[in-house]
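# What the coordinates show
What follows is the residue order along each chain.
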Amino acid sequence: ALSEKFERILKKLRGQGVLTEDNIAEALKEVRLALLEADVNFKVVKDFLERVREKAIGQEVLKSLTPGHQVVKVVWDELRGMMGGERSGISLASRPPTIVMMVGLQGAGKTTTSGKLARLFKSQGKRVLLVAADPRRPAAGDQLASLGHDLGIDVHRFDQVDASRADVVRICQRGVERAQEQGYDLVVLDTGGRLHVDDELMAELVAVKQAVNPHEVLLVADAMTGQDAVNMAGQFNQQVGLTGVILTKVEGDARGGAVLSIRAVTGQPIKFLGMGEKLDALEPFHPDRMASRILGMGDVLSLIEKAQETFSREEAEAAQKKLISSTFTLEDFRSQLGQMNRLGSFEQILGMLPGGQKLKDLANSGLPEKEMKRVAAMIDSMTARERRDHTLINGSRKKRIARGSGTSVQEVNRLIKQFLQARKIAKVMSGGAGGRRQLAQML
Ligand code: GDP
Ligand code: MG
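Residues numbered from 1 in each chain as written. Chains lettered and ligands numbered in written order. Predicted model: local features only at pLDDT ≥ 70, side-chain atom pairs only at ≥ 80, totals over all residues.

A count of helices and strands for the protein chain gives 22 helices and 8 strands. When burial is assessed residue by residue, the protein chain has 40% of its 443 residues classed as buried. Long-range contacts, defined here as pairs at least 24 residues apart, represent 73% of the contacts in the protein chain between residues at least 6 apart. (Helix = DSSP H or I, 4+ residues; strand = E, 2+ residues; numbered from the N terminus. Buried ≥ 20, exposed ≤ 12 C-beta atoms within 10 Å, placed from the backbone. Contact = placed C-beta atoms within 7 Å.)

Here it is as structure tokens:
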């Protein structure tokens with residue numbers, strides 16, 4: 001998967017003292033390969049790497065927490081930017097109804113997604129009208145009607161007023177008129193698709209668009225089709241004109257290649273992601289989350305940002321040195337809790353280290369914020385000697401510490417276990433190539 005590759009690449013970059021033009025170039029060669037293998041459009045990859053290179057080389061890198069972290073951040077910022085920066089949903093028109101036209105190939109998920117959108121807006125108290133605008137396939141209308149029935153949402157189908165069953169433009173016009181007359185907030189036009197892009201389909205969609213002047217023209221595209229989806233999106237955008245894209249079946253595509261490319265090729269934002277067949281499986285698209293997902297690093301980047309604000313580079317290095325040395329004691333652990341507080345939870349810190357998510361799972365020693373206070377109280381209840389040498393803490397001392405801190409012996413035991421685990425992991429990770437191999441075995 002792309003995320004695994006990135007993790008490997010970024011691991012390589014981390015822990016290097018200085019980032020030179022050479023090793024950036026080397027790293028980017030691997031990023032390039034990974035992106036291409038993930039089915040990202042060739043030209044998109046080229047542009048992407050160019051921007052990363054420009055930003056990574058130069059002063060900014062030197063000012064960062066560590067050079068490796070800085071490159072991670074540049075890659076992430078670029079990924080996020082490529083996918084649209086801020087999230088964008090569907091904004092309702094100031095004068096209802098908001099007209100949403102769904103377009104796309106057959107089987108992409110237009111009808112399902114129309115239902116999902118209707119459900120979403122209904123849950124926000126909006127009145128939604130679904131329009132079955134695929135008269136050539138009566139089954140498509142039945143499918144929408146049954147969705148509407150399940151969701152308690154009205155569905156408009158062709159009626160006597162329509163010139164013929166095949167007159168898609170007329171059906172859409174009638175649907176919009178009805179939505180206007182009957183005070184709906186939102187009208188969703190579920191148009192028909194073909195197996196492939198063809199002129200007739202495009203002409204029909206253009207005609208509908210001209211007739212009803214929709215606020216949104218949303219392309220529904222199957223993420224599983226990768227590069228085909230990208231080409232198709234380009235064609236729809238050129239010939240019909242889109243305002244956004246909804247990617248479906250994303251739960252089956254861990255690569256993220258289509259997401260990256262579609263945005264870059266069409267210039268249109270991805271608005272939602274379909275994450276399953278069920279009607280609640282629709283998620284707003286968050287570029288930053290998707291970027292993190294592609295990088296496979298959870299919250300690491302927002303942490304880096306925070307770390308840049310709160311930690312100077314020297315402070316970070318000193319803390320790290322202390323953490324990995326065997327002289328690290330409970331006393332140091334206590335004083336680090338304060339710093340961790342500034343950064344976020346212990347769990348997040350673990351996530352920030354190489355190995356990220358897996359490491360978190362392995363250690364399973366995350367300290368939620370509220371637990372942090374209890375840990376601090378336990379350490380504060382120890383004597384100075386106990387803090388410096390945890391092996392002194394026997395059964396009766398544990399009881400005393402638990403009483404003094406208002407906790408339990410089990411909690412004291414857990415604290416010591418977590419402390420030892422953190423120390424071990426930090427030590428292993430700092431052990432260069434050998435340590436990384438050892439860590440890989442542990443994971
Ligand atoms: P249309 O021809 O574009 O209207 O496509 P449909 O809405 O009929 O969907 C085609 C198939 O894709 C159906 O079996 C849907 O259940 C399925 N589908 C739609 N969206 C998703 C999704 O996000 N994830 C998965 N796994 N299946 C989906
Ligand atoms: Mg359909």
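Let us keep going from here.
This part is about the packing of helix α6 (residues 110–123) against helix α7 (residues 138–151). For the pair α6 and α7, interaxial distance at closest approach is 10 Å and the crossing angle is 25°. The angle between α6 and α7 falls in the class roughly parallel. As for the relative orientation of α6 and α7, their crossing is right-handed in sense. On α7, the residues that touch Thr-111, Ser-114, Gly-115, Ala-118, Arg-119 and Lys-122 of α6 are Ala-140, Gln-143, Leu-144, Leu-147 and Leu-151. Counted by class, the contact of α6 with α7 contains 5 nonpolar, 4 polar and 2 charged residues. (Axes fitted to C-alpha atoms, helices over the stretch in contact; angles between N-to-C directions. Parallel < 35°, antiparallel > 145°, perpendicular 65-115°, else oblique. Left-handed = near helix turned anticlockwise from the far one by under 90°. Nonpolar A, V, L, I, M, F, W, Y, C, P; charged D, E, K, R; others polar.)

Bringing the UniProt feature "binding site: GTP" (unreviewed entry) in the protein chain into the picture now. Under the present numbering, the feature "binding site: GTP" (unreviewed entry) in UniProt falls on Gly-104, Leu-105, Gln-106, Gly-107, Ala-108, Gly-109, Lys-110 and Thr-111. Residue position: Gly-109 is located in the loop between β1 (98–103) and α6. Residue Gly-109 is classed as buried on the basis of its 23 C-beta neighbours within 10 Å. Excluding residues that lie within four positions of it along the chain, Gly-109 makes contacts with Val-220, Asp-222, Thr-248, Lys-249 and Gly-274. Here Lys-110 lies in helix α6. Overall, the presence of 29 C-beta atoms within 10 Å leaves Lys-110 in the buried class. Those residues in contact with Lys-110 that lie beyond four places of it in its chain are Met-102, Gly-104, Asp-190, Thr-191, Gly-193 and Val-220. (UniProt positions renumbered as here; feature names shortened; annotations may be inferred.)

Residues annotated in UniProt with the feature "domain: SRP54-type proteins GTP-binding" (unreviewed entry) correspond here to residues 269–282. Within the segment residues 269–282, helix and strand shares are 0% and 43% respectively, and the terminal C-alpha atoms sit 16 Å apart.

Moving on to the confidence of the model for the protein chain. Overall, the prediction assigns the protein chain a mean pLDDT of 76, with 65% of residues at 70 or greater. Mean pLDDT per element in the protein chain: helix α4 (residues 59–63) is the minimum at 42, and β1 is the maximum at 98. The low-confidence segment residues 340–367, where pLDDT is below 50, has 60 contacts with residues more than four positions distant or belonging to other chains. Taken as a whole, residues 439–443 scores under 50 in pLDDT and shows 7 contacts with residues more than four places along the chain or in a different chain. Taken over the whole predicted complex, pTM reads 0.64, whereas the ipTM for its chain interfaces reads 0.99. (pLDDT = per-residue confidence, 0-100.)

With that settled, consider α7. With 14 residues, α7 extends 20 Å from end C-alpha to end C-alpha; this agrees with the ideal 20 Å at 1.5 Å per step. All buried positions along α7 are accounted for by Ala-140, Gly-141, Leu-144, Leu-147 and Gly-148. Down the axis of α7, the buried side of the element spans an arc of 125°, and every buried residue falls inside it. Projecting away from the buried face of α7 at angles above 90 degrees are the exposed residues Ala-139, His-149 and Asp-150. Tucked into the core, α7 has its buried residues touching α6, β2 (128–133), β3 (154–156) and β4 (186–191). Following α7 by one or two positions, Gly-152 adopts a phi angle in the positive range, close to 70°. (Expected span 1.5 Å × (residues − 1). Arc of directions from axis to C-beta.)

This part is about the site of ligand 1. Taken together, 18 residues sit near ligand 1, with Gly-109, Lys-110, Thr-111, Thr-112 and Gly-274 positioned nearest. Examining the composition of the shell around ligand 1, we find that 3 residues originate from one element, α6, more than from any other. Across the shell around ligand 1, the residue classes tally to 4 nonpolar, 10 polar and 4 charged. (Near = placed C-beta within 6 Å.)

To continue, consider the pairing of strand β7 (residues 270–274). The buried fraction of β7 amounts to 5 of the 5 residues, a majority that puts the element mostly inside the structure. Pairing geometry for strand β6 (residues 244–248) and β7, over 3 bridges, is parallel. Paired with Ile-246 across the strands is Phe-272, a residue of β7. Here β7 runs beside strand β8 (residues 282–284); their pairing, made up of 3 bridges, is antiparallel. Along β8, the bridge assignment pairs Leu-273 with Glu-283. (Pairing = 2+ DSSP bridges.)

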